[in-house]
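# Topology and contacts: notes
Now for the letters of each chain:
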Amino acid sequence: MVKALEKQALSAELAAVDQILDSRSVEDDPIGVLAYKELKATLEERLRELEAFPDTLANVALFFSGSPVFGTHSIDAAFASDALGKYQDIVSRQFASRSEEGLLGDRGRVPLKELSALQIHGVVHGSFGFLLEERGSDQLTFVPTALRETLDEVTRAIEAFGMGTDEQYVQTIESMNRRVFAAVKDFYEVLHNAGATLRIVEGDKDDTFGPESISRGYDRSQRTNIEEREEKLSGILLGILPNTMQFEFQPDGRDVISGKTGPSISQSYLERIHADEKVVGSRCVAKVLTKTTVRPTGQVTTKYVLIDLSVP
């Protein structure tokens, strides 16, 4: 179970036990009081274990309500399938894009998709929800898995679309891969068109997206456009700062461009420095990802990512 949900359930049960103990005395019900005190100790110990135990595996609970949901017992099958599928798309694309800039192309098969697949481990109560976990969730690990970190990033992205300020939204989309953006946009479109609302419990977060948040996320995404293209540019490398992942490059016949570097570029550059190779000031061919974003306000921004670098 998602750690936050289990803590909520244990806390609610503990509060109920405390209420019962407050209403009883040892003189009137010595056996009952003893039993409830033992239960309280067990619940408190379980809470301490949850706090101490590292939450390192990917798990998330998605609760839906609104028009596609009928009480707490049923949900429209077509909507559930569509919504869960779109959520998985976000996870798979974000998992691929975080591995390395440029790995997730503009179209085609999503790399590493099988490694990011979540499984439905149960239906959870409270409106109508699904518990999703990564494969091998019964195995102990003390370091957060890549998929767990990906879910954290996905949750923050969904928050930024529907609950964040305009500035938080802009910062999120400008650092987001185009296909990840399209997946989040599709997810909000499914929720909006179905008249659904959403609650996400993941990690330490417990977020509720009501009609206003869903409408905001849908509207923002519909008024945003992101275009990406890769190109090879010949010119002079002016510098790379591996610690901040920044580069400057002078293409032939164009103004200087700057932006962030992919992780493999920074590592390669460090290795060249260690080998006393001169890279800065050299002629080279740079593979650059150019990202153009049209914000909801109509403002256009362009950013660059250095994907690959070849020095003759």
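The present account deals with the structure reproduced in this document. Counting from 1, residues in each chain are numbered in the order their sequence is written. Side-chain atom pairs in this predicted model are given and counted only at pLDDT of 80 or more, local residue features only at pLDDT of at least 70, and totals for whole chains, interfaces and linings cover all residues. Based on all heavy atoms of the structure, the side-chain values leave hydrogens and waters out of the count.

## Observations concerning the overall build of the protein
A count of helices and strands for the protein gives eight helices and 12 strands. Between two residues, a contact is recorded if the distance between any of their heavy atoms is within 4.5 Å. Partitioning the intrachain contacts of the protein with sequence separation of at least 6 by distance along the chain shows that 67% fall at a separation of at least 24. To measure how exposed things are, a 1.4 Å probe is used in the Shrake-Rupley method; for residues, cover is taken only from the protein chains shown. For the protein, the exposed area adds up to about 16,100 Å²; of that, 51% sits on carbon and sulfur atoms. Strands here are runs of E lasting at least two residues and helices are runs of H or I lasting at least four, both read from the DSSP assignment and numbered beginning at the N terminus.

## Some remarks on the sheet that holds strand 11 (residues 283–294)
Taken in spatial order, the five strands of this closed barrel run 8-9-10-12-11, and their pairing is mixed. Between one strand and the next, the sheet's axes are offset by a mean angle of 50 degrees, whatever the strand orientation. Taken strand by strand, helix 5 (residues 166–174) contacts strand 8 (225–241), strand 11 and strand 12 (300–310), and its axis lies near 145 degrees from that of strand 11. By this definition, two strands are paired if DSSP reports at least two bridges between them. Whenever a helix is involved, its axis is fitted only over the stretch in contact; in every case the axis is a line through C-alpha atoms, and angles between N-to-C directions fall within 0 to 180 degrees.

## Some points on the side chain of S221
Within the fold, S221 resides in helix 7 (residues 211–222). Here S221 falls in the buried class, since its relative accessible area comes to 0%. Not counting residues up to four positions away in its chain, the partners in contact with S221 are F161, Y169, F181 and K185. Whether a residue is buried, partly exposed or exposed follows from its accessible area with a 1.4 Å probe, protein chains only, as a fraction of its type maximum: under 20%, in between, or over 50%, in that order.

## Observations concerning the nonpolar core
Nonpolar core, defined: a set of buried Ala, Val, Leu, Ile, Met, Phe, Trp, Tyr and Cys residues in which side-chain atoms within 4.5 Å join the residues together. Judged by nonpolar contacts, the single largest core of 42 residues is most densely connected at F64, Y87 and I158. Elements represented by at least two residues in this core include exactly strand 1 (59–66), helix 3 (77–99), strand 5 (128–134), helix 4 (146–162), helix 5, helix 6 (178–194) and strand 6 (196–202). Not counting the four nearest positions on each side in its chain, F64 is found in contact with V69, I75, F79, A83, L84, S127, F128, F130, L191, T197 and L198. L233, L237, F247 and I265 belong to the second-largest nonpolar core, a separate cluster that totals 15 residues.

## Details of the packing of aromatic side chains
Classification of ring pairs rests on two measures: the distance between centres of Phe, Tyr or Trp rings, Trp counted by its six-membered ring, which must be within 6.5 Å, and the angle between planes, read as stacked under 30 degrees, edge-to-face over 60 and tilted in between. Overall, the coordinates contain eight aromatic pairs when judged by the stated rule. Aromatic side chains F128 and F130 sit 5.6 Å apart centroid to centroid with 65 degrees between the ring planes, which places their arrangement in the edge-to-face category. The two residues F128 and F130 agree in class, both being buried. In our convention, an over-ring charge means Lys NZ or Arg CZ found within 6 Å of a ring centre and within 35 degrees of that ring's normal. Sitting over the face of the ring of F63, R199 holds its NZ or CZ atom 4.7 Å from the ring centroid.

## What to know about the packing of helix 4 against helix 6
Taken N-terminus to C-terminus, the directions of helix 4 and helix 6 make an angle of 60 degrees; their axes are 11 Å apart at the nearest point. One element, helix 4, and the other, helix 6, form an angle in the oblique class. Regarding helix 4 and helix 6, the two cross each other, and that crossing is right-handed. Along the contact surface, helix 4 presents I158, F161 and G162, while helix 6 presents F181, V184, K185, F187 and Y188. Here the nonpolar group is Ala, Val, Leu, Ile, Met, Phe, Trp, Tyr, Cys and Pro; Asp, Glu, Lys and Arg are the charged ones; every other residue, Gly included, is treated as polar. Split into classes, the residues belonging to the contact of helix 4 with helix 6 amount to six nonpolar, one polar and one charged. Here the angle decides the label: under 35 degrees means roughly parallel, over 145 means roughly antiparallel, 65 to 115 means roughly perpendicular, and every other value means oblique. By the definition used in this description, the sense in which the near helix is turned from the far one sets the handedness, with an anticlockwise turn below a right angle giving left-handed and a clockwise turn giving right-handed.

## So, the environment of S92
One can find S92 in helix 3. Take S92: its relative accessible area is 2%, and that puts it in the buried class. In this structure, the C-alpha to C-alpha distance between S92 and T150, residues 58 residues apart in sequence, is 8.8 Å.

## Quick word on unusual backbone geometry
Of note, M245 is a non-glycine position whose phi angle comes to about 60 degrees, a positive value. Looking at the element boundaries, M245 is found in the loop between strand 8 and strand 9 (246–251).

## A word on the pairing of strand 6
Taken across its seven residues, strand 6 has six buried, putting it largely inside the fold. Here strand 1 pairs with strand 6 via seven bridges, running antiparallel. From the neighbouring strand, S65 faces strand 6, where its bridge partner is T197. Inspection of the sheet shows strand 6 paired to strand 7 (residues 205–209) by five bridges, in the antiparallel sense. The residue bridging I200 from the neighbouring strand is D207, located in strand 7. Taken together, strand 6 and the strand that follows it, strand 7, pair antiparallel across an intervening segment of two residues, in which G203 is found at a positive phi of about 60 degrees.

## Observations concerning the pairing of strand 11
Across 12 bridges, the pairing between strand 8 and strand 11 is antiparallel. Counterpart to R229 in the pairing with strand 11 is T290. Pairing of strand 11 with strand 12 involves 10 bridges; the strand directions are antiparallel. For V285, the partnering residue across the bridge sits in strand 12 and is S310. The loop that links strand 11 with its antiparallel partner strand 12 comprises five residues; one of these, G298, has a positive phi angle of about 95 degrees.

## Structural notes on helix 1 (residues 3–22)
Helix span, expected: 1.5 Å multiplied by one less than the number of residues in the helix. Between its first and last C-alpha, helix 1 extends 28 Å over 20 residues, near the 28 Å set by a 1.5 Å rise per residue. Residues K3, A4, L5, E6, L10, L14, V17 and L21 constitute the buried set of helix 1.

## Let's talk about the pattern of salt bridges
Here, a salt bridge means any side-chain nitrogen of Lys or Arg that lies within 4 Å of a carboxyl oxygen of Asp or Glu. Inspection of the entire model under this criterion finds 13 salt bridges. In this structure, the salt-bridge partner of K205 is E159, at a minimum N-O distance of 3.5 Å. Taken as a pair, K205 in strand 7 and E159 in helix 4 lie far apart in primary sequence, 46 residues in all. The class of K205 is partly exposed, set by a relative accessible area of 30%. Several salt bridges converge on common partners, so that one network encompasses R148, D152 and E202.

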